[in-house]
Amino acid sequence: ALEEYGAQPPIELIRQTIDQSGYYDTQKLFFKHIQGCVFASACAPPGGGRNPVTPRLLRHFHMLWLTALSEFSMRLIFTSILGGFLSDSAPELEPVAAPIVASAVGVYLQVEKEMLPTPAKSHYTF
């Protein structure tokens, strides 16, 4: 959540840790050095309870943008994966790979359509 001046304290703590290789402990009054730590993150566009990430933090990361897959692409990818797995481990089940994937993709698309993120339920991102 944004504070009075628009800052996001958790994000600023992460940024400070990356910038300065640690942070100042206000309870024990000394600087805690962080070593051998790799930061990886993921985020979604602002909205539905999500705030924009500050440019001061974003400058430390490489950006990778992914577009949403079409229904056809999801079915093709997951049918190939499940079909390949079943052909090795349970060949008698391989013919049901496509119907299983079709059902799973159908459920996913319905959930994605009906369970939209809100400020109270910002974790509803599919």
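For the structure given in this document, a descriptive report is provided here. (Residues numbered from 1 in each chain as written. Predicted model: local features only at pLDDT ≥ 70, side-chain atom pairs only at ≥ 80, totals over all residues. Heavy atoms only, no water.)

### Quick word on a nonpolar patch on the surface
- A surface patch of nonpolar side chains, about 370 Å² in accessible area, is lined by Leu69, Ile77, Phe78 and Ile81.
- With respect to the helices, strands and loops of the structure, Ile81 is situated in helix H3 (residues 71-89). (Patch = residues over 30% accessible without salt bridge, like charges linked within 9 Å, V, L, I, M, F, W, Y side chains within 5 Å. Areas by Shrake-Rupley, 256 points an atom, 1.4 Å probe, with all protein chains shown as cover. Salt bridge = Lys/Arg side-chain N within 4 Å of Asp/Glu carboxyl O. Helix = DSSP H or I, 4+ residues; strand = E, 2+ residues; numbered from the N terminus.)

### Points about helix H4 (residues 97-114)
- The terminal C-alpha atoms of H4, which comprises 18 residues, lie 26 Å apart, in line with the 26 Å expected from a rise of 1.5 Å per residue.
- Where H4 is buried, its residues contact H3. (Expected span 1.5 Å × (residues − 1). Contact = heavy atoms within 4.5 Å.)

### Some points on the pairing of strand E1 (residues 22-25)
- The sheet contact formed by E1 and strand E2 (residues 30-33) spans 4 bridges and is antiparallel. Looking across to E2, one finds that Tyr23 is bridged to Lys32.
- Where E1 folds back onto E2 in an antiparallel hairpin, the turn is made up of 4 residues, including Leu29, whose phi is positive at roughly 60°. (Pairing = 2+ DSSP bridges.)

### Side note on the layout of surface pockets
- Estimated volume of the largest pocket: approximately 1200 Å³.
- Around the largest pocket, the lining is made up of 37 residues, and of these Ala42, Cys43, Ala44, Pro45 and Leu64 lie nearest the centre.
- Counting residues per element, the ones that place at least two in the lining of the largest pocket are helix H1 (9-20), helix H2 (55-58), H3 and H4.
- Ranked by the residues each element gives to the lining of the largest pocket, the list is headed by H4, at 3 residues.
- Across the lining of the largest pocket, the residue classes tally to 28 nonpolar, 6 polar and 3 charged. (1 Å grid on protein atoms, 1.4 Å probe; cavity = no way out; pocket = protein on both sides within 12 Å on 5 of 7 lines; lining within 4 Å. Points joined across faces, edges and corners; volume = space filled by probe spheres on them. Nonpolar A, V, L, I, M, F, W, Y, C, P; charged D, E, K, R; others polar.)

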